[in-house]
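Commentary on secondary and tertiary structure
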Amino acid sequence: MKKSICILCGTAVAMTASAAPAAKAASAASAAKAATAAKARPNVIIILADDQGYGDLSCMYARDMQTPNIDGLFSDGVRMDNYYSNSALSSPARAALLTGCNSDMAGVQGVIRNEDPNSYYENFGHLNPKYTILPQLLKKNGYTTALIGKWHLGYASPNTPNDRGFDLFRGIMGGMMDDYYTHTRKGYPALWLNKTIAPPVKGHITDVLTDYAIDFVRQSGKSEKPFFLYLAYNAPHIPLDAPKDWVERVKQRQPGITDTRARLVTLIEQIDAGVGRLVEELKRSGQWENTFIMYSSDNGGYMQSQANNGPYRGYKATMYEGGLRVPAAFFLKGRIEKGRSTNMAQHMDIVPTLCDLLKIPVTQLPQQVEGISILPTLEGRAQTTDDRYFWFMEREANEKGNKLQTAIRHGNFKLVQNMPAEPYELFDLASDPKETTSLPLSGDIYKDLYFQMRVHIANAGAVPWNVPKDEYVYWPDMVEKAGGKKVAE
Ligand SMILES: [Ca+2]
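Scoring rules and cut-offs
- Residues numbered from 1 in each chain as written.
- Predicted model: local features only at pLDDT ≥ 70, side-chain atom pairs only at ≥ 80, totals over all residues.
- Helix = DSSP H or I, 4+ residues; strand = E, 2+ residues; numbered from the N terminus.
- Rg over C-alpha atoms; globule rule 2.2 N^0.38 Å.
- Buried ≥ 20, exposed ≤ 12 C-beta atoms within 10 Å, placed from the backbone.
- Contact = placed C-beta atoms within 7 Å.
- Pairing = 2+ DSSP bridges.
- Axes fitted to C-alpha atoms, helices over the stretch in contact; angles between N-to-C directions.
- Parallel < 35°, antiparallel > 145°, perpendicular 65-115°, else oblique.
- Left-handed = near helix turned anticlockwise from the far one by under 90°.

A tally of helices and strands in the protein yields 13 helices and 18 strands. Over its C-alpha atoms the protein spans a radius of gyration of 22 Å, differing by no more than 12% from the 23 Å that the globule rule assigns to 489 residues. Projected onto the principal axes, the alpha-carbon positions of the protein cover approximately 75 × 55 × 55 Å. Put simply, the protein has 489 residues, and 52% of those count as buried. At a minimum sequence separation of 6, the contacts of the protein that also span at least 24 residues come to 66%.

Laid out in structure tokens, this is it:
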């Protein structure tokens with residue numbers, strides 16, 4: 001008997017003998033027409049890659065890569081050339097994207113961890129449970145919501161995906177997998193279905209997530225409710241566990257490419273193929289014209305993966321442009337199309353932008369939203385987005401406890417403290433976009449940026465960022481409680 005996943009509860013349900021032919025009989029086109037007409041608000045898809053560098057698309061700076069489908073979103077939609085993450089690390093970047101606030105103000109200063117015996121002391125985030133996040137907001141406004149892919153914003157209530165507004169969660173609770181075919185982490189299964197460990201599934205994780213996304217979109221197309229799909233691929237994060245035959249094809253095509261780079265290229269091309277299949281399904285089901293799509297990456301590309309961060313200095317986990325800038329494109333047929341903007345924007349602008357687009361009052365969020373709506377920019381209208389202080393930060397463990405790395409940008413000037421023990425650096429990004437030479441640390445611009453930086457650190461210092469002890473759950477205990485057993489050493 002044919003089985004399908006219920007999009008509301010995520011459990012496998014058998015299609016009855018009488019329902020199956022009936023479903024077949026309804027033509028895809030007429031069902032899609034009815035669905036589109038019923039949906040006053042557009043569907044929303046956010047596709048987020050993990051550690052994809054600013055330059056790593058064939059339409060950006062990568063000449064050794066072929067990403068025609070994502071390139072299509074960049075050319076058919078609105079491409080933003082000065083788009084930033086809020087952090088150079090995963091959890092804080094995702095916190096900003098989903099709350100509309102600076103990462104640290106949302107309670108997430110660094111990576112949220114529970115995988116090692118000492119992780120409690122290396123955990124740097126506790127998503128503020130009083131904040132409403134994007135899936136909660138959209139669910140409240142009539143959307144069916146799904147996270148397909150990586151969460152990385154908590155491991156226990158109240159901060160699991162289902163607790164935070166996702167009707168369906170199929171993906172990865174933590175930061176990474178160790179094997180993209182066995183879907184394991186630290187010897188335990190790492191693929192979840194809502195609050196339980198998912199039954200084992202065959203295939204490369206990128207293809208598996210694409211299949212899940214298509215399944216969700218297909219089923220949502222039959223519903224009168226609009227949907228929100230957060231498709232957060234865990235590629236091209238390490239391990240660079242790419243399909244061998246595809247890696248060989250890339251090596252044949254790109255003579256001289258290193259093995260590491262060929263693997264990274266393959267992982268991104270594989271996402272591109274997934275995006276192509278998703279777009280095809282949206283078009284087939286008549287939803288393409290009523291679906292907002294965003295494509296981006298959580299943070300900059302990783303040095304050891306030989307990522308391409310375009311012309312910029314630095315990599316993931318640094319406060320230089322290469323760690324912070326990410327590729328970004330937006331599309332909504334007839335409304336957000338064929339444009340390119342140099343306006344600056346940041347992940348925390350997405351929640352207010354969607355509120356604007358969907359006519360949901362931003363006051364439905366209890367928190368002080370710090371991002372701004374960039375809808376005028378996306379619609380090709382005049383807008384000034386650059387006259388604010390852009391704040392970037394991450395907290396991470398080191399041998400002396402933990403370190404805070406920060407940067408602040410206003411206009412063309414950026415003050416960087418990339419490592420606590422290192423001197424501050426002040427750059428004029430208009431004349432020195434590669435951040436090669438620090439200006440003297442004096443004068444009004446320096447004083448202003450330094451003051452703003454200290455104010456922000458002081459404000460964020462009042463926000464708790466560690467998980468309460470009674471809420472902390474160690475990885476093996478969490479997995480076993482969710483029905484998973486250790487499968488490897
Ligand atoms: Ca990342």
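Okay, the sheet that holds strand E17 (residues 413-417) next. Read across the sheet, 4 strands follow the order E15-E16-E17-E18 without closing on themselves; strand pairing throughout is antiparallel. Edge positions in the sheet fall to strand E15 (389-398) and strand E18 (425-428), since each has one partner strand and no second. Averaged over all adjacent pairs, the angle separating strand axes in this sheet is 15°, with direction ignored. Pairing of E17 with E18 involves 4 bridges; the strand directions are antiparallel. Residue pairing for E18: Leu-415 is matched across the bridge by Leu-426.

Before going further, it helps to spend a moment on the packing of helix H7 (residues 244-253) against helix H8 (residues 259-284). Packed helix pairs are characterised by how far apart their axes lie and by the angle those axes make with each other. One can describe the packing of H7 onto H8 by two numbers: an axis separation of 9 Å at closest approach and a directional angle of 115°. Accordingly, the angle class assigned to the pair H7 and H8 is roughly perpendicular. Taken as a pair, H7 and H8 cross one another with a handedness that is right-handed. Residues Trp-246, Val-247, Val-250 and Lys-251 of H7 form the contact with H8, whose participating residues are Ala-262, Arg-263, Val-265, Thr-266 and Gln-270.

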